[in-house]
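Residue-level listing of the chains:
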Amino acid sequence: MKNLIMLLIACVTTVQVMAQNPKARLTSGVIDYEAGRIGDAIEKLQFAVDNGADNFKSKDMAKAKYFLGKALIKSAGDSALAAKYPDALFQADEYLATARELDEKGKYEKLAVLDNQDVWAGMFNSGASAYNTKEYERADKLFTRAAELNGEDLNTNLMLGYSQWMVADTTGAQASWTKVADIYEASSPEEPNKDVATAYLLLVSSYDLQNNPTEALKFVDRAREVFPGDKDLERTELSIYQKNPELLDQALTKFAANLESNPDDNNVRVVYGSLLEKAERGEDAETQYKMILEKEPDHLGANIQLGAYYVNKAAEINEAKAKLTKEADIDAAGEEVKQKLAEAYPLMKKLHELEPDQAEWINQLVSISYYLDEDEAVINEYVKKQQEIMAKQ
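Residues numbered from 1 in each chain as written. Predicted model: local features only at pLDDT ≥ 70, side-chain atom pairs only at ≥ 80, totals over all residues. Heavy atoms only, no water.

## Section: the side chain of Asp 103
Stage number 1. Following the sequence through the fold, Asp 103 ends up in the loop between α6 (88–102) and α7 (112–132).
Stage number 2. Summary of buried charges: Asp 103 has no salt-bridge partner, and the nearest side chain of opposite charge, Lys 107, is 6.2 Å away.
Stage number 3. Separated by 2.8 Å, the side chain of Asp 103 and the backbone nitrogen of Tyr 108 make a polar contact.
Stage number 4. In this view, Asp 103 contacts Ala 62, Tyr 108 and Glu 109; residues no more than four positions away in its chain are not counted. (Helix = DSSP H or I, 4+ residues; strand = E, 2+ residues; numbered from the N terminus. Buried < 20%, exposed > 50% of the residue type's maximum accessible area, 1.4 Å probe, protein only. Lys, Arg positive; Asp, Glu negative; His and termini not counted. Salt bridge = Lys/Arg side-chain N within 4 Å of Asp/Glu carboxyl O. Polar contact = N/O pair within 3.5 Å; in protein donor to acceptor, adjacent residues only side chain to side chain. Contact = heavy atoms within 4.5 Å.)

This is the structure in structure tokens:
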């Protein structure tokens, strides 16, 4: 019995000694890693790395750091382990790099491409998770390293730009989105990428906010090549020209030249018409809008612009009418108002047809129909639709 007790004590002592042995921990940690016991693997391999300096050869330390790095990468995909090791991916990146330096035979160097791909994927996924939970500084840090590992990946640069924008690093965001533009323009996407279109728009808007219209318009031109007809881009470009009257002549020349080369580009013609209005050439603008609608009656932009032109002209005439004193002049002005609203009326009908849930168009139809003294049944139908639309909002 005494001998059995002594044997048990010896066994326990041996196990305890082995548990404190860095080499034993290394071997056990690798086994745990390969068996998918990532939490156990990290603890054992971390012990081996922290306590192996006096016991390990260079190849042993390289192995310990390599497998610890691999285990830390896997931990990022486990919510509990990710919470326990929040900097796991950065530590993994460092351990894998050190393992390659220590490995005299170059075994781990040969795996560097695959390992870096794993680190990049982990950084990207964790960065996206941090961004979605509004941890923008952490997302910025993760995407920055991801971009260093895979600088030609479009989505990495895109998300890095978003994160930089959210932490007020405007210069960094502009550089990242410019990289996105370079990558996208060099590729041949089968379908337009809406996220990339947003990046162009943010680039344009950011330079516009910095009062740098020249740079903003440079990216407008680049974006037009890959996203022709983008409505948000058109509105932003028009806004830039409207805020910078010194560029109006340049804009008119530019769009006139574009239309000479592409006379069927109705989206460009709408913007050109808007610029003509800005230059107080309303009748020329009216002509441009009518040219579009002759070929494309359902063109939303042209219907909006021409309808707004007539409504605004009616408002101008009505305002001027208030200053008139002669009854004949007042009556004549009133007829002009009716004429302009009568011209706007079918355009508002078309807009309501194209966008039946848009409150602006039904509101205009109610107002115009009252002013033109339309049939009561028609007015009541518009009022009914107006109430239905307002109830949905």
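## Side note on the environment of Ile 240
Stage number 1. Take Ile 240: it is sitting in helix α13 (residues 231–243).
Stage number 2. Taking the relative accessible area as the measure of exposure, Ile 240 reaches 0% and is therefore buried.
Stage number 3. When the C-alpha positions of Ile 240 and Ala 41 are compared, they lie 58 Å apart, and in sequence the two are 199 residues distant.
Stage number 4. The residues contacting Ile 240, other than those within four sequence positions of it, are Val 204, Asp 208, Pro 213, Ala 216 and Leu 217.

## Concerning the packing of helix α9 (residues 154–166) against helix α11 (residues 194–209)
Stage number 1. Interaxial distance between α9 and α11 falls to 11 Å at its minimum, and their mutual angle equals 40 degrees. What the angle tells us is that α9 and α11 run oblique. The handedness of the crossing between α9 and α11 comes out as left-handed. Facing Leu 154, Leu 158, Tyr 162 and Trp 165 of α9, the residues of α11 in contact are Asp 195, Val 196, Thr 198, Ala 199, Leu 202 and Ser 206.
Stage number 2. Split by residue class, the contact of α9 with α11 holds seven nonpolar, two polar and one charged. (Axes fitted to C-alpha atoms, helices over the stretch in contact; angles between N-to-C directions. Parallel < 35°, antiparallel > 145°, perpendicular 65-115°, else oblique. Left-handed = near helix turned anticlockwise from the far one by under 90°. Nonpolar A, V, L, I, M, F, W, Y, C, P; charged D, E, K, R; others polar.)

## Topic: the environment of Lys 321
Stage number 1. Structurally, Lys 321 is set in helix α17 (residues 300–321).
Stage number 2. Sequence separation of Lys 321 and Gly 172 is 149 residues, and the distance between their C-alpha atoms is 54 Å.
Stage number 3. Ignoring anything within four residues of it in the chain, the contact list for Lys 321 reads Ile 330, Ala 333, Gly 334 and Tyr 371.

## A look at the packing of aromatic side chains
Stage number 1. Counted by the stated rule, this structure contains 15 aromatic pairs.
Stage number 2. The interplanar angle of 65 degrees and the centroid separation of 5.2 Å between the aromatic rings of Tyr 131 and Tyr 136 together place this pair among those described as edge-to-face.
Stage number 3. Taking the centre distance of 5.7 Å and the plane angle of 55 degrees together, the rings of Tyr 309 and Tyr 310 count as tilted.
Stage number 4. Judged by its relative accessible area of 3%, Tyr 310 is buried.
Stage number 5. Through a chain of ring-to-ring contacts, three or more aromatic side chains come together here, namely Tyr 131, Tyr 136, Tyr 162, Trp 165 and Trp 177.
Stage number 6. The ring of Phe 90 is capped by Lys 141, whose NZ or CZ atom sits 4.6 Å from the centre of that ring. (Phe/Tyr/Trp six-rings, centres within 6.5 Å; stacked < 30°, edge-to-face > 60°. Lys NZ or Arg CZ within 6 Å of the ring centre and 35° of its normal.)

## Remarks on the nonpolar core
Stage number 1. Residues Leu 72, Trp 177 and Leu 275 are the most contacted members of the largest nonpolar core, which totals 110 residues.
Stage number 2. With nine residues, the top contributor of residues to this core is helix α4 (residues 58–75).
Stage number 3. Those residues in contact with Trp 177, other than ones at most four positions away along the chain, are Asn 157, Leu 158, Gly 161, Tyr 162, Trp 165, Ala 199, Leu 202 and Leu 203. (Core = buried A, V, L, I, M, F, W, Y, C linked by side-chain atoms within 4.5 Å.)

## Things to note about the pattern of salt bridges
Stage number 1. Scanning the entire structure with this criterion turns up 24 salt bridges.
Stage number 2. A salt bridge links Asp 115 to Lys 70, with the shortest nitrogen-to-oxygen separation between them at 3.0 Å. With Asp 115 in helix α7 and Lys 70 in helix α4, this residue pair connects regions lying 45 residues apart in the sequence. Neither residue differs from the other here; Asp 115 and Lys 70 are each classed as buried.
Stage number 3. Glu 237 is paired through a salt bridge with Lys 254; the nearest N and O atoms lie 3.0 Å apart. One end of the pair, Glu 237, is in helix α13; the other, Lys 254, is in helix α14 (residues 248–261), and 17 residues separate them in sequence.

## Re helix α8 (residues 136–149)
Stage number 1. The terminal C-alpha atoms of α8 lie 20 Å apart, and with 14 residues this matches the ideal 20 Å at 1.5 Å per residue to within 8%.
Stage number 2. Within α8 the residues assigned to the buried category are Tyr 136, Ala 139, Asp 140, Leu 142, Phe 143, Ala 146 and Ala 147.
Stage number 3. In the core, the buried residues of α8 are packed alongside α6, α7 and α9. (Expected span 1.5 Å × (residues − 1).)

## A short note on the confidence of the model for the protein
Stage number 1. Mean pLDDT over the protein stands at 90; residues scoring 70 or higher make up 95%.
Stage number 2. Within the model, pLDDT remains below 50 along residues 7–18, and this stretch shows one contact once partners closer than five positions in the same chain are excluded. (pLDDT = per-residue confidence, 0-100.)

## Brief notes about α7
Stage number 1. Here α7 spans 30 Å end to end across 21 residues, near enough to the 30 Å set by a 1.5 Å rise per residue.
Stage number 2. Buried-residue contacts for α7 involve α4, α6, α8 and α9.

## A look at a negative patch on the surface
Stage number 1. A surface patch of like charges, here negative, comprises Glu 327, Asp 329, Asp 331 and Glu 335.
Stage number 2. Of note, Asp 329 is situated in helix α18 (residues 327–354).
Stage number 3. The exposure class assigned to Asp 329 is partly exposed, which follows from its relative accessible area of 39%. (Patch = residues over 30% accessible without salt bridge, like charges linked within 9 Å, V, L, I, M, F, W, Y side chains within 5 Å. Areas by Shrake-Rupley, 256 points an atom, 1.4 Å probe, with all protein chains shown as cover. Charge placed at Lys NZ, Arg CZ, Asp CG, Glu CD.)

## Focus on a nonpolar patch on the surface
Stage number 1. A cluster of nonpolar side chains, contributed by Trp 165, Met 166 and Leu 209, occupies part of the molecular surface with about 300 Å² of accessible area.
Stage number 2. Inspection of the secondary structure assignment puts Leu 209 in helix α11.

## What about the packing of helix α19 (residues 359–371) against helix α20 (residues 376–392)?
Stage number 1. The geometry of α19 relative to α20 is characterised by a closest axis approach of 9 Å and an angle of 155 degrees between their N-to-C directions. Between α19 and α20, the angle falls in the class roughly antiparallel. Relative to α20, the crossing made by α19 is left-handed. Only Ile 379, Tyr 382, Val 383, Lys 385, Gln 386, Ile 389 and Met 390 of α20 make contact with α19, whose side of the interface consists of Ala 359, Ile 362, Asn 363, Leu 365, Val 366, Ser 369 and Tyr 370.
Stage number 2. Its residues assigned to classes, the contact of α19 with α20 comprises 10 nonpolar, three polar and one charged.

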